[in-house]
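Read off the chains here:
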Amino acid sequence: CDDDFQCEPNGSGQQACGHAVYDNDSPIICCPTGAKIKVLDEEFCVDQGTGAGCSGNEMCTSGLCTENVCVREESDPSAQTRLGRLANEPCDDDFECEPNSLGQQACGHALYDN
């Protein structure tokens with residue numbers, strides 16, 4: 001889409017055209033919920049799921065954006081993790097990983113390779 005009016009209205013009559021996710025390079029789509037938010041000069045669809053990028057709480061379905069990533073509800077112990085990646089899944093930082101039974105999080109190379 002190029003403009004809001006090109007999108008089908010949601011149940012409340014709202015129409016919104018914006019980036020699919022919080023990334024300027026993501027495709028511009030008709031927002032599924034009919035809602036978007038403007039960040040600087042770009043517009044992004046709201047109601048982003050757990051693990052999606054965000055600029056503030058209003059972008060996330062859970063209403064909780066931590067370190068620019070949508071997380072689960074605060075009462076959920078895994079809300080401390082950014083993406084909740086499981087063992088053997090790719091990661092870039094410790095806090096992206098699901099904590100083990102001791103609450104520890106670690107991201108590292110699978111094999112020792114110089």
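To be clear, the structure that these remarks concern was listed above.
Notes on the structure in this doc start here. (Residues numbered from 1 in each chain as written. Predicted model: local features only at pLDDT ≥ 70, side-chain atom pairs only at ≥ 80, totals over all residues. Heavy atoms only, no water.)

1. Some words on the pattern of salt bridges
Under the counting rule described, the total for this entry stands at two salt bridges. One salt bridge connects Asp4 with Lys36, and the closest N-O pair in it is separated by 2.7 Å. Separated by 32 residues along the polypeptide, Asp4 in the segment before β1 (17–19) and Lys36 in strand β3 (residues 36–39) bring together distant segments of the chain. On the basis of relative accessibility, which here comes to 25%, the residue Lys36 falls in the partly exposed class. In this structure, Lys36 engages Glu43 in a salt bridge whose closest nitrogen and oxygen atoms are separated by 3.0 Å. Put simply, Asp4, Lys36 and Glu43 are held in one network by salt bridges that share partners. (Salt bridge = Lys/Arg side-chain N within 4 Å of Asp/Glu carboxyl O. Helix = DSSP H or I, 4+ residues; strand = E, 2+ residues; numbered from the N terminus. Buried < 20%, exposed > 50% of the residue type's maximum accessible area, 1.4 Å probe, protein only.)

2. What about the state of the cysteines?
Summed over all chains, the structure comprises five disulfides. In this model Cys7 forms its disulfide with Cys30; the gap between the sulfur atoms is 2.2 Å. Handedness here is read from the sign of the S-S torsion; for Cys7 and Cys30, about -85°, the answer is left-handed. Of this pair, Cys7 sits in the segment before β1 while Cys30 sits in strand β2 (residues 28–30), placing them 23 residues apart in sequence. (Disulfide = S-S within 2.5 Å.)

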